[in-house]
Amino acid sequence: MSETDKKWLALAKRWGVLFGIPLLMLAIGIWQWTRADTPISDVGAKIAEYQQVVRELDAIEAQTPGRATVKDSEGKEYPVRLVKKEYLLAIQDLQNQGLNVTTRNLQPLLAGSTIAFSVLALLWSALGLVYQRGMGAKAMQSREQLLATFQKGRKLLPMYMVVMVLLLFGAAIPLLVYEMMPILRHRNYSKGDMKLMFILGGLALFLLYSGGKVLIDVWKASRKPLENEPIEVMGQTVSRPQAPGLWAFVDSVAAKTGAGMPDTLVVGLNEGFFVTEHPVQLANGSLLPQGRVLYLPLPYMAFLNAGEVAAVIGHELGHFIGEDTLYSQRFSPIYSAAIHHLVAISGGERHEESWMDILRRPATLFGEMFLDSFHEAVRYWSRKRELAADAVGAQVVSPQAVAASLLRISALAPHVDEALQANWDRGETVEGGVLGHVRQLVAAQGMADPSEHLDQRQAHPTDTHPELAERLAALGVAISPELLARAMDAQGSQLLQEFGLEQGAPVSAGHSSSHQAQPAAALDMNAALQNELSSAAAANRSAKLLELRRIAGLAKDEVVIYERSAFMVGLFVFLALACAVGAFFVFQAQLHMAVAAGLLAAALGCAWFAKVFWQDSQSPAMRLQPGGVQLFKAPAALAWSAIDDFQFSQGNHMLTVTMVLEDGVQPPAMGVGKRRAQFRKKKQRLAVMLKGVKKMKNQAFVELLVDHWRAYHARQELQRMGEQV
């Protein structure tokens, strides 16, 4: 299926929910309208009509006292005295304006309310879609239109969603109350009537409560101030006195761009190049002064030459020219506010899903569509601005320098990621630090081939970057052998020393031994950054190891699981005995031999089923082992690594365990029929049906099974982190 087909399929599903739920309620409302009893508009005339019928019944009864009957339209006979009693009670109800009159008059009104609210919900859905499409079209005209349109949409969104929910609740409440009307006309309520009345009334009251709660929750969400949450960055600020060479370099680039200088320079180890005007909070807890921030990553700067770094900084400062960072700062609250309203409409952060959430779904779905439309427009303009920022970088140096920097960063990224991951996993300073580790990896393995990753985007904390191939095409630079050779050159640069960010000569990538790790030179800013990163990594590793060891300890030994078949065995034994006893008495009375034979056959069948279920309980259904789960009579275990997820359901004394398997995994033959296990290859679902578990409640078994699965993955992660299991 093509991407276009998937997009249309997803759109069709959304429209199916947005319009399908109101249409369903409209259909029910119309059906109720057709079932509604005729309202009694002239009570006096109706009483006179019933009294005339009573007189006619009296005349019939006088002809044959005690035995008189009348027939209904279908020819069924009823005693006159009973029919007359019903009419007399109806007359009394009419005279007292009782439930008979009230409920008959209410039914058309209730059905009409459901129809009216459903039609309004359909029209409201259509209006919302038309407005949203117009809003999306305007957003594509300019970023100013994008911001103005979605700012207005953000204010209208909560009102729209609230009205949608209230319209659907307004349709559902009379729909439920309608079904209570015929029951209220009963002379004597049965237990079933009372139970149904309680359910319908309870649901109607709950919907009424939910509608009020939606109003309150959305009102609270709308009162939350629009705030830009700070971006958390691990790094340290560099002042002019600390690194005058770096500041002078940025000054020269800024002068060529005409963008103006950033207010703060931050250097670090674990991000890419970026600029922002969002509030920024460093990992040490300090909040940077409001203004323009330029972030510079040491691992990349250690391998880029001056022209390539100037091209990258020129690109980043180019975002200030188009006020991209200001727009990003203003976009963020729109996302945040829309999400707050979505959470409020859906029932709050602690809300537990239920089938009644179907009435909220059209509203929350529209909110999701609003966010998707907003994201699509933001992405469209972001891609354009990224290409414009590349043009600024090309103006500072050259298009070739921008292309070389893009490819070189792409070639270096896998090594930077590996070094950061190793540092994070060990929770201590890796020899030479992250920067030294990157140099060692490059020396040992060389640079990655960037031509294999042209469809990738460079990581950035706030903006959406186009694919690398698109950026190169916009620059008008073809991937030549010379450009690739530069991108994959393992030789580092001296920029960090020139900028005063690193002291001494770095380990040369071209002359390092790939077998012997060599420490980096004495560091200045790099050392401070490494200590900060290692401190955070140590805290993270300590907490992670503690949790992993706890999970790994949940399941160590093999656990054998047997099915609990006592109920099913007892049931079929009882049925077998009952059928056998019945067959014996029928045979003794010499009534119907065929019936006796049928009962005897049923007894044998029940006895056979009892035997089958008893045999099921005698052999293990599962063996939960450290490496996997052995199912029934399978010769080998199904590895825990082959199971992506679990789903559980229970009913009719059966517990169904559905294992979602990884793509391409084929479970081993289990030696049982489809009654006990089924594998749906297309969906990669293995369903195991259990009649409960011996000496264990279903919930306890579910937790035990999942604990074994989690324990396996915890042990694997501990091994990856270099810990003894």
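We now examine the overall build of the protein. Helix and strand content of the protein: 21 helices and 16 strands. By the burial criterion, 46% of the 725 residues in the protein qualify as buried. For the protein, the share of sequence-separated contacts (at least 6 apart) that also reach a separation of at least 24 residues comes to 75%. For the protein, the computed accessible surface area is about 36800 Å², with 58% contributed by carbon and sulfur atoms.

A few words now on the confidence of the model for the protein. When pLDDT is averaged along the protein, the result is 81, and 84% of the positions lie at 70 or above. In the predicted structure, residues 457–463 sits below a pLDDT of 50 and forms 21 contacts with residues beyond four places in sequence or in another chain. Segment residues 505–523 is flagged for pLDDT under 50; beyond a separation of four residues in sequence, or across chains, it makes 34 contacts in the model.

Moving on to the sheet that holds strand 4 (residues 236–237). Strand pairing in a sheet relies on backbone hydrogen bonds. The paired strands run either parallel or antiparallel. Spatially, 4 strands are ordered 4-5-8-6 in an open sheet, and the strand pairing comes out mixed. In this open sheet, the two edge strands, each paired with only one partner strand, are strand 4 and strand 6 (274–276). Pairing of strand 5 (residues 264–268) with strand 8 (residues 293–297), which is carried by 5 bridges, proceeds in the parallel orientation. Bridging from a neighbouring strand, valine 266 pairs with tyrosine 295 of strand 8.

A few words now on the pairing of strand 11 (residues 628–631). Burial of strand 11 is two-sided: the residues Gly628 and Gln630 facing one way and the residues Val629 and Leu631 facing the other way are all buried. Note that strand 10 (residues 622–624) and strand 11 share 3 bridges and pair antiparallel. Each bridged residue has a counterpart across the sheet, and for leucine 624 the counterpart in strand 11 is valine 629. Here strand 10 folds back onto strand 11, and the loop between the two strands holds 3 residues. Bridge count for strand 11 against strand 12 (residues 638–639) is 2 bridges, and the pairing is antiparallel. Bridge pairing in strand 12 links valine 629 to leucine 638. A loop of 6 residues connects strand 11 with strand 12, the two strands running antiparallel in sequence, and phenylalanine 632 in this loop sits at a positive phi of about 55°.

A surface patch of nonpolar side chains, about 330 Å² in accessible area, is lined by Phe117, Val119, Leu120 and Leu123. Here leucine 123 shows up in helix 4 (residues 99–139). With relative accessibility at 53%, the residue leucine 123 sits in the exposed group.

Next up on the list: the sheet that holds strand 10. Read across the sheet, 4 strands follow the order 9-10-11-12 without closing on themselves; strand pairing throughout is antiparallel. The open sheet has two edge strands, strand 9 (559–561) and strand 12, and neither has a second partner. By the bridge criterion, 3 bridges tie strand 9 to strand 10 in an arrangement that is antiparallel. The partner of valine 559 across the bridge, within strand 10, is leucine 624. The sheet contacts of helix 21 (residues 698–720) involve strand 9 and strand 10, and relative to strand 10 the element is tilted by about 50°.

Structurally, the position occupied by valine 595 is in helix 20 (residues 593–616). Classification of valine 595 by relative accessible area gives partly exposed; the value is 41%. In this structure, the C-alpha to C-alpha distance between valine 595 and glycine 582, residues 13 residues apart in sequence, is 9.3 Å.

Further remarks concern the packing of helix 8 (residues 244–257) against helix 12 (residues 361–396). Between helix 8 and helix 12, whose axes approach to 9 Å, the crossing angle comes to 110°. Comparing the axis directions of helix 8 and helix 12 gives the class roughly perpendicular. Classified by chirality, the crossing of helix 12 by helix 8 is right-handed. On helix 12, the residues that touch Val253, Lys256 and Thr257 of helix 8 are Val392, Gln395 and Val396.

Scanning all chains against the criterion turns up 24 salt bridges. For glutamate 467, the salt bridge identified is with arginine 383, shortest N-O distance 3.1 Å. Of this pair, glutamate 467 sits in the loop between helix 14 (433–445) and helix 15 (468–475) while arginine 383 sits in helix 12, and the two are 84 residues apart along the sequence. A salt bridge links arginine 623 to glutamate 558, with the nearest nitrogen and oxygen atoms 3.4 Å apart. Taken together, the residues arginine 623 in strand 10 and glutamate 558 in the loop between helix 18 (525–552) and strand 9 connect sequence positions 65 residues apart. Overall, arginine 623 belongs to the partly exposed group, its relative accessible area being 28%. What emerges from the salt-bridge pattern is a single network uniting Glu563, Asp616, Arg675, Arg676 and Lys691.

So, how was this worked out
- Residues numbered from 1 in each chain as written.
- Predicted model: local features only at pLDDT ≥ 70, side-chain atom pairs only at ≥ 80, totals over all residues.
- Heavy atoms only, no water.
- Helix = DSSP H or I, 4+ residues; strand = E, 2+ residues; numbered from the N terminus.
- Buried < 20%, exposed > 50% of the residue type's maximum accessible area, 1.4 Å probe, protein only.
- Contact = heavy atoms within 4.5 Å.
- Areas by Shrake-Rupley, 256 points an atom, 1.4 Å probe, with all protein chains shown as cover.
- pLDDT = per-residue confidence, 0-100.
- Pairing = 2+ DSSP bridges.
- Patch = residues over 30% accessible without salt bridge, like charges linked within 9 Å, V, L, I, M, F, W, Y side chains within 5 Å.
- Salt bridge = Lys/Arg side-chain N within 4 Å of Asp/Glu carboxyl O.
- Axes fitted to C-alpha atoms, helices over the stretch in contact; angles between N-to-C directions.
- Parallel < 35°, antiparallel > 145°, perpendicular 65-115°, else oblique.
- Left-handed = near helix turned anticlockwise from the far one by under 90°.

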